[in-house]
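Tertiary structure, described
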Amino acid sequence: MKKLLIKLNAVDLLASALLLVFIITWFNHRTDVSFHKIQSIAMYTLLYVVFRLTYTKAEYYFRERIILITLSACAIWQSIYAILQVTSIYESKNYLFTMTGSFHNPGPFGGFLAICASMFIPGIQGEKNRFLKILYSIATILCIILLPATLSRTSLLAFGTSMLIYISSYKYFRDIIKRYWILALLAISILGSCAYLYKKDSADGRAFINKISGLAIKENGIKGSGLGKFSVTYGETQANYFAPYIDDIIHGDSPEKIERERMIADCPEYAFNEYMEIGVECGIIGITLFVTLTITAIIFLYKAKSTGCYGLIALSIFAIFSYPFKMVVFCIFETLFIAMAGAKQNKSGNTLIPVYITAGLAVIILATGYGKIRKIQKAEKMLEKSIVLYDLKHYEPFIEDCISFKDDLLHNYKFLFALGQSLNKCGEYEKSDSVLNIGSSVSCDPMFWNIMGNNATALGDYERAKVCYTKAFCMIPNRLYPLSLLAKMYHENGDTTAFLHLSNAINSFVPKVESALTKELREEINLIIHESYLQKPAPTPARY
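1. Section: the packing of aromatic side chains
One pass over the full model with this rule turns up 26 aromatic pairs. Between Y81 and Y90, the aromatic rings sit 5.4 Å apart at their centres with planes inclined by 80 degrees, giving edge-to-face as the arrangement. Here Y81 falls in the buried class, since its relative accessible area comes to 14%. We classify Y90 as partly exposed; its relative accessible area is 44%. When the ring of F230 is compared with that of Y234, the centres are 5.7 Å apart and the planes differ by 40 degrees; the resulting orientation is tilted. Of this pair, F230 and Y234 both sit in helix 10 (residues 230-242), four residues apart, roughly one helical turn. By relative accessible area, F230 is classed as buried at 1%. A cation over an aromatic ring shows up here: K372 above the ring of F35, its NZ or CZ 4.5 Å from the ring centre.

Below, the structure written as C-alpha cells:
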C-alpha cells in the first residue's frame, strides 16, 4: 500500500499562520475566557489534521460521496424533525418559534439547510449512481421547502449566493446573466430592499454592531483585545462612542444621527459577524489571515469542481450576518471545507513532519488544560443545582453553595452576575463589587455597573456610584434604569439641584422600549419629588 504523505500548500500554510496568531493572542491576553476559546481552537486543529489526512487518502476511493451521503441523512432527519415540530408532535427548541429543528433558533437551522442544499445540487449533477441521485434530490427538496419557512434572510442570501456562483460556472447561464444583467441587478436590488425592510430594526442594529466593531479593531490595531474578549471590548468601545454626547442624549438634544444610533444600541454577546469578531479579538492580522484562508479555500475547491466549494461559500456568507462559529456543527463544517481544500491541492507528498508538529502543539494545549476543563465541568454541574436557589431569591444559601466552585466559573458572566447580585442583596457590598468587577471584564451588560453603583451608594461612596451609573448609561444610552438609579443617588446624597435637574430629564427621556417598568421608574422619581421637594426651600448643591 502506498504510504500516505502530504505536500504543504497555501491552505495549510494560511491555516498554520492563523493558528499561530490565535496562540500568540492567547499568550498576550490570558484570561479564563480565552482559555476556553484556545481549547476549542486546539480541538478543531486536531480535527483539521484528521480530516486533511483522511480526505487525502480517501480521495482515491470515495471522493465526496461519503460526505454527501452523511449530510443527506442529517438534512432529511432535521427536515422531518422540523415538520413534526410544525405539527406539534415534537416541541420546538425555542418557545418563540414553531420550527427550529434540533437547533435552538431558526436562524442556525436555516443556515444548516442552506449549506446542505448548496452542496446537494452540484452533487446531483455530478453523481452517476441513480440511488444516490434520488437521495440527494429528496434532501434538496426538503431543504428548499423548509428554508423560507425559517424566515432567515441570511440563510436565503447564503443559499442564493452559492447557487448564483454555481450556475455561473456553466456557459449557458453565464450568457443569460450577461444578456439580462440589468434585470438581474434590479431583481437583486428589489429582493435586498424587501429583506431589509422586513426586519429594518434588526438590520440597522447589526450594521451598528459592525460599526462599533470596526472602531474596536481600529483602536486595538494589530494586537487585538484577546480571545473571547469581544463582548467587553464592544461594550467599552460603544460607551466611549456615546460618552461625548451623554448630556445631550439625557436632555433630548443629541444630533439626529446619534439619536438614531442610541435607539438601536444594545449589549451583544456576539458580533453577528464572525469576521469582525475575529478582527476585534485577534487584530487586523487575524482577520486578514482568516479572510485570505477562506477565499483561497474557495478558489481551490472551485478549481477542483468540489461540492465543498458551494458549502463553504454559503457558510462564509452566513458568517457575515450571524454567529455560526459559536455552534459545533458549523465549526465542523468550516474545518471540513478547509481540509478538503488542502487535500484537493495535495500533490505527491514527501513529509508528515508539519502534521506531527501541528497535532503535537494542539495535543499539548489540550493536555495542559484537561485538569482545568474537568474542574469547570464539575462546577457547571454544581451550578445547575444551586441556581435554583438564586431563582427563588434564597440568596444566602446560594452564596454558600457557590463558595466551593466560584473560582472555576470566572468565565461565566451569568454566574458572576447572579453571585454579585446575591452578595449585594445580603449586604456584602465589597465582596459583591469584587465579583461584579470580574463580570464587567467578561461581559458588556451594563447591569454589572448598575449593581456596582448600588454597592457604592450603600457604602456612601457617591462619587464612585456616579461613575458606575454614568458608565452603565453610556454603554446603552436608551435605558431609563441607570438614570433613575443616578437620580435616587443624588437624592440620598442631598444634591437636590442635580436630582431635580435629572428628574426633569427622566420625565421627558425617550427609552428604546416604553413599558410598565419605565412607567414605574418615573412614578418613583415623581413620588420622591412630591414627598421631599414640593413647597421646600430652594435646593442647594451637595459636596462630593
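2. Considering the environment of G110
Relative to the assigned elements, G110 resides in helix 4 (residues 106-126). A residue is classified by how much of its surface remains accessible, and G110, at 0% relative accessible area, is buried. Each C-alpha atom of the pair G110 and I364 lies 36 Å from the other, and the pair is 254 residues apart in sequence. Excluding residues that lie within four positions of it along the chain, G110 makes contacts with L147, T150 and S155.

3. Some remarks on the pattern of salt bridges
For the structure shown, the criterion picks out 16 salt bridges. Between D408 and K375 there is a salt bridge, with its nearest N and O atoms 3.9 Å apart. In this pair, D408 sits in the loop between helix 17 (395-402) and helix 18 (413-425) while K375 sits in helix 16 (residues 353-391), placing the two residues 33 residues apart along the sequence. Taking relative accessible area as the criterion, K375 reaches 48% and is therefore assigned partly exposed. Three or more residues joined by partner-sharing salt bridges are found here, namely K37, E274, E277, E281 and K326.

4. Re unusual backbone geometry
In this structure, L151 is a non-glycine residue whose phi angle is positive, near 60 degrees. Considering the arrangement of structural elements, one finds L151 in the loop between helix 5 (130-146) and helix 6 (153-167). Look at L151 and you get partly exposed, because its relative accessible area is 48%. Its identity is not glycine, yet K305 carries a phi of approximately 55 degrees, on the positive side. Within the secondary structure, K305 sits in the loop between helix 13 (274-303) and helix 14 (308-321).

5. A look at helix 24 (residues 516-532)
The terminal C-alpha atoms of helix 24 lie 24 Å apart, and with 17 residues this matches the ideal 24 Å at 1.5 Å per residue to within 8%. Within helix 24, the full set of buried residues consists of T518, L521, R522, I525, I528 and I529. Along the long axis of helix 24, the arc covered by the buried residues comes to 115 degrees, so they all point the same way. Exposed and facing more than 90 degrees away from the buried side of helix 24 are A516, K519, H530 and E531. Its buried side turned inward, helix 24 meets helix 22 (481-493) and helix 23 (496-508).

Conventions used here
Residues numbered from 1 in each chain as written. Predicted model: local features only at pLDDT ≥ 70, side-chain atom pairs only at ≥ 80, totals over all residues. Heavy atoms only, no water. Phe/Tyr/Trp six-rings, centres within 6.5 Å; stacked < 30°, edge-to-face > 60°. Buried < 20%, exposed > 50% of the residue type's maximum accessible area, 1.4 Å probe, protein only. Helix = DSSP H or I, 4+ residues; strand = E, 2+ residues; numbered from the N terminus. Lys NZ or Arg CZ within 6 Å of the ring centre and 35° of its normal. Contact = heavy atoms within 4.5 Å. Salt bridge = Lys/Arg side-chain N within 4 Å of Asp/Glu carboxyl O. Expected span 1.5 Å × (residues − 1). Arc of directions from axis to C-beta.

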